[in-house]
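A closer look at the structure
The chain contents come next:
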Amino acid sequence: MDLSYSDEQTMLRDSAERFVEANCGAENLRKMRNTEEGFSRNYWKQMAELGWLALPFTEEQGGLGGTAVDTMVLMEAFGKGLVLEPYLTTVVMGGAALRAGGSDAQIEELVPALVEGELMFTVAYAEPQARFDLFDVATTARRDGTGWVIDGSKAVVLHGDSADKIIVSARTSGDRRDATGISLFIVDAGAPGLERRPYPTVDGSRAAEIMLGSVRVDADALLGREGEGLPVLERVADEAITALCAEAVGAMKVLLDTTVEYTKTREQFGQPIAKFQVLRHRMADMMMEYEQAKSMALVAALKLDSEDPVERRKAVSGAKVQIGKSGRFVGQQAVQLHGGMGMTDELSVGHYFKRLTMIDILFGNVDHHLKQFSAAA
Amino acid sequence: MDLSFSPEETAFRDEVRAWVADALPADIKAAMERGEKVKKDDLRRWHKILHEKGWIAPAWPKEYGGTGWTATQRYIFANEMALAGAPDLPAFGLKMVGPVIYTYGSEEQKREYLPGILNGDVWWCQGYSEPGSGSDLASLKTKAVSDGDEYVVNGSKIWTTGAHEADWIFCLVRTDDTGKKQEGISFLLIDMKTPGIEVSPIIIINGDHTVNQVFFNDVRVPKRNLIGKENEGWTYAKFLLVNERNGIAQIGAKKHTMARIRKLAASTQLNGHRLADDPGYQRRLAETEVALMALEYSELRFLSGQKTDHAPGTEANMMKVAATQLQQSMSELFIEIAGYYSYPFDGFRDTEGSNEPPVVPEDAGGAMHQFLYGRASTIYGGSNEIQRDVIAKVLLSL
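Residues numbered from 1 in each chain as written. Chains lettered and ligands numbered in written order. Predicted model: local features only at pLDDT ≥ 70, side-chain atom pairs only at ≥ 80, totals over all residues. Heavy atoms only, no water.

1. Considering the overall build of chain B
- Secondary structure summary: chain B contains 12 helices and 10 strands in total.
- Radius of gyration (C-alpha) of chain B: 22 Å, near the 21 Å computed for a compact globule of 398 residues.
- When its C-alpha atoms are laid out on the principal axes, chain B stretches across 75 × 50 × 50 Å.
- Residue pairs at least 24 apart in sequence account for 73% of intrachain contacts in chain B once pairs closer than 6 positions are excluded.
- Summed over its atoms, the accessible surface of chain B is roughly 17,800 Å², and 53% of this surface lies on carbon and sulfur atoms.
- The average position of the 44 basic charges and that of the 54 acidic charges among the side chains of chain B differ by 3 Å. (Helix = DSSP H or I, 4+ residues; strand = E, 2+ residues; numbered from the N terminus. Rg over C-alpha atoms; globule rule 2.2 N^0.38 Å. Contact = heavy atoms within 4.5 Å. Areas by Shrake-Rupley, 256 points an atom, 1.4 Å probe, with all protein chains shown as cover. Lys, Arg positive; Asp, Glu negative; His and termini not counted. Charge placed at Lys NZ, Arg CZ, Asp CG, Glu CD.)

2. Some words on the interface of chain B and chain A
- With 49 residues of chain B at the contact, the number on the chain A side is 52 residues.
- In this assembly, chain B packs against chain A so that about 4,100 Å² is buried in total across both faces, 60% of it on carbon and sulfur atoms.
- The largest contributions to the chain B side of the interface with chain A come from Ile 205, Tyr 340 and Tyr 343 of chain B, which together make up 24% of the buried area.
- Of all the secondary structure elements, the ones that give two or more residues to the side of chain B that touches chain A are β6 (197-203), β9 (269-270), α10 (315-338), α11 (367-374) and α12 (384-395) of chain B.
- Per element, the largest residue contribution to the side of chain B that touches chain A is 5 residues, and it comes from α10 of chain B.
- The class makeup of the residues in the side of chain B that touches chain A is 27 nonpolar, 13 polar and 9 charged. (Buried area = accessible area lost by both parts, 1.4 Å probe. Nonpolar A, V, L, I, M, F, W, Y, C, P; charged D, E, K, R; others polar.)

3. Things to note about helix α6 (residues 104-115) of chain A
Residue and element names in this part refer to chain A.
- Taking 1.5 Å as the rise per residue, α6 with 12 residues should run 16 Å; its terminal C-alpha atoms sit 16 Å apart, in good agreement.
- Taken as a whole, α6 has its buried residues at Gln 106, Ile 107, Leu 110, Val 111, Ala 113, Leu 114 and Val 115.
- Structurally, α6 contributes buried residues whose contacts are with α3 (41-49), α5 (87-101), β1 (121-124), β4 (165-171), β5 (182-188) and β8 (222-223).
- Immediately beyond the C-terminal end of α6, within one or two residues, lies Gly 117, with a positive phi of roughly 85°. (Expected span 1.5 Å × (residues − 1). Buried < 20%, exposed > 50% of the residue type's maximum accessible area, 1.4 Å probe, protein only.)

4. Let's talk about the domain arrangement of chain A
Residue and element names in this part refer to chain A.
- Its domain assignment divides chain A into domain 1 (7-120), domain 2 (122-227) and domain 3 (231-376).
- Between domain 2 and domain 3, the C-alpha centre-to-centre distance is 30 Å.
- Taking both partners together, domain 2 and domain 3 bury about 1,200 Å²; carbon and sulfur atoms supply 78% of that area.
- It is Phe 132, Leu 134 and Asp 203 in domain 2 that bury the most area against domain 3; as a group they hold 46% of the surface buried on that side.
- Seen at the junction of domain 2 and domain 3, the total is 1 salt bridge.
- Of the charged contacts, one joins Arg 355 and Asp 203 as a salt bridge, the two residues approaching to 2.7 Å between their closest N and O atoms.
- At the surface where domain 2 touches domain 3, the tally comes to 1 residue pair in polar contact (both at pLDDT 80 or more).
- Tallied by class, residues from the side of domain 2 that touches domain 3 come to 7 nonpolar, 1 polar and 3 charged. (Domains from an automatic or database assignment. Salt bridge = Lys/Arg side-chain N within 4 Å of Asp/Glu carboxyl O. Polar contact = N/O pair within 3.5 Å; in protein donor to acceptor, adjacent residues only side chain to side chain.)

5. Side note on the pairing of strand β4 (residues 168-174) of chain B
Residue and element names in this part refer to chain B.
- Burial analysis of β4 places 7 of its 7 residues in the buried class, which makes it a mostly covered element.
- Taken together, the 4 bridges between strand β1 (residues 124-127) and β4 define a ladder with parallel strand orientation. Following the sheet pairing, Gln 126 is matched in β4 by Phe 170.
- Pairing between β4 and strand β5 (residues 185-191): 7 bridges, direction antiparallel. Along β5, the bridge assignment pairs Ile 169 with Ile 190. (Pairing = 2+ DSSP bridges.)

6. Focus: the packing of helix α7 (residues 230-265) of chain A against helix α9 (residues 309-338) of chain A
Residues and elements named next belong to chain A.
- Put simply, α7 and α9 touch, their axes get as near as 9 Å, and they point 25° apart. In terms of orientation, α7 and α9 fall into the roughly parallel class. Note on packing geometry: the crossing formed by α7 with α9 is left-handed.
- Of the residues in the contact of α7 with α9, the class split is 13 nonpolar, 8 polar and 6 charged. (Axes fitted to C-alpha atoms, helices over the stretch in contact; angles between N-to-C directions. Parallel < 35°, antiparallel > 145°, perpendicular 65-115°, else oblique. Left-handed = near helix turned anticlockwise from the far one by under 90°.)

7. A short note on unusual backbone geometry
Residue and element names in this part refer to chain A.
- The phi dihedral of Arg 131 is positive, around 50°, even though this residue is not glycine.
- Locating Arg 131 in the fold gives a position in the loop between β1 and β2 (140-144).
- Given a relative accessible area of 14%, Arg 131 falls into the buried group.
- For Phe 269, which is not glycine, the phi torsion reads 55° and is therefore positive.
- Mapped onto the elements, Phe 269 comes out in the loop between β9 (267-268) and β10 (271-272).
- Look at Phe 269 and you get partly exposed, because its relative accessible area is 39%.

8. Quick notes on the domain arrangement of chain B
All names here are of chain B.
- When the domains of chain B are assigned, the result is domain 1 (7-89), domain 2 (124-231) and domain 3 (246-395).
- The gap between the C-alpha centroids of domain 2 and domain 3 is 31 Å.
- Taken together, the contact pairs 6 residues of domain 2 with 6 residues of domain 3.
- When the area that domain 2 buries against domain 3 is broken down by residue, the three leading residues are Ser 135, Ile 205 and Asn 206, summing to 70%.
- Joining domain 2 to domain 3, the criterion identifies 0 salt bridges.
- Across the side of domain 2 that touches domain 3, the residue classes break down as 2 nonpolar, 3 polar and 1 charged.

9. Some remarks on helix α1 (residues 7-23) of chain B
All names here are of chain B.
- The end-to-end C-alpha distance of α1 is 24 Å, a good match for the 24 Å that 17 residues give at a rise of 1.5 Å each.
- Of the positions making up α1, those classed as buried are Glu 9, Phe 12, Val 16, Trp 19, Val 20 and Ala 23. In a view along the axis of α1, the buried residues occupy a sector of 95°, so they form one face of it. In α1, the exposed positions that point more than 90 degrees away from the buried face belong to Pro 7, Ala 18, Ala 21 and Asp 22. (Arc of directions from axis to C-beta.)

Below, the structure is given as structure tokens:
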């Protein structure tokens, strides 16, 4: 057994941390959240030039053949700097959908543009009634000539306002909550009948509600096989969860370090508050939560490609549970130990806390993944 | 011993319930149901309705405009108000400086300040914390130097809720720094329009502007604005802090939130059923309800002690810790039920002139906004760490 980074992974980590340190963080977030897209196209271009957008694709696909651990290394660095660029939606989610469901022709057409930073993706999987169930799909697609016509609405589509291609889950047969009969379609954001209602999110990112009113797509828009979209969606969710867990670990590390530093300098009752035992124990607990979260994020990354579906399910859902709980504790205590300052928009602490709170919700919270874990075991 | 309300108390509850159902303006009630922040003008409108009825200051002695109700009646009243969806009125005048003025102020001060607090024309804010003095409040440094019949005030206060909307501020200032830090503090009332006061907004993590930093630069304050005696302000400050923590349990408001949580759970789907029918959720809801019950009966038990003239004291510290923890776990439950609809930034609900309908469904409205704001409750009014120190020291004699 060897759980240490390879030389390439160490280099990737160092270069990502340098980039994040130089360009990102809470100050950048406060500036970018008031812009139309909520992130920097310039940074996106730099990420493409650094090869990061190519990371998870095979060499034949024009990528670097990176593993889930490589993505973890990158996402952990992103978490340290509250990176706003749509890496999760385009590379992790869009990439997973294309790799798991895309035809050779689709991959040949779309992956090079994605890797170059020319095309942004997102996956519109959630619906207002569906909560965290990927299979709860009321949106429909019916055949029309050689193509399809899609009707329905999608909720809280991450970066749904800036994505060029939106991968939409729609029901081509069966009832709303059937596991089969779901198909995926690659829809142009500008397709007639597709309406977007964009909004900022609590953590300074952006999302959109997407309404599809008789949106026509050609036959080649179908991603994967008709009616067999759910396994692809599940793959997308698991890769996204694994990446989010790594991001959360990065965010927790920053909060732990910032809190320790703050309590050493903040004085009350004539001494640094770090001298108070109750706060020392709290920070010791924060550190233990962080370490356990880091272990579980690693387990998820290492078992993401496991042949055994039960093993994969337990690793990914287990990691999401741990990250949800640890993220909550570390985030909330970081705010508490910073006192009033932790409540301000000005300090970075609140932004990391909000991101961690949101990561718990994305792709299913602790309760949801406890059920998934328990059902798999 | 009798747990139930007497016939008189039940009749009183019915009277209050009937009145508030009729008197609370529908638009304010609706805003509360949607989880929105109630604006100053609307709060003032509600304040004046209560004032007209004579119910604006239940805890004040009758001679100063109070109701003469018993502690149980006051509890019933507060509970009914919150259950009906009435907004909380700012505590700074009615629950903080008002009682300080009628307890320690001069006759002239009572005449000058109490009417404006009661009728809602004058809004107050609280100048306690400073950038260097949070938990260690007594270390405060804002200085008031005597100059003829005036004080000259220099320094800064922070986390001042509503300073940007307030007419007056009550301030703890240092008038002596030679002895023990608690012994050189005075309690001063300052008109916010006085030259040299600058209010600088602090935006908090939910995007709201509720708190501020207030700067005092050679602010001249007449000495007749001093409450009680110079250098004895710490006594009045502590009196006020106990008052602040009294009623912090906010049982009625919590019941109102529970009702919203139940409503959201009933309209939310989980595994093709109502989330309300999920055993996992039911267990969490039940745990929360038990905690709320324990808090409610603790408050009632302490209230019952007060009726027999046992002064409220350190129980307030326990109530503060228990109540704020429960409030936070309730708001966490709320955002979890809201699921993905916790994610959109929901601050627009409060943006005037916005005609965009909110993205977040009405049942989940304000859940995340209040969750984020609620993180402050274990910090303000003496952090929960400090409360536990007091409990250990005073109640356990450790």
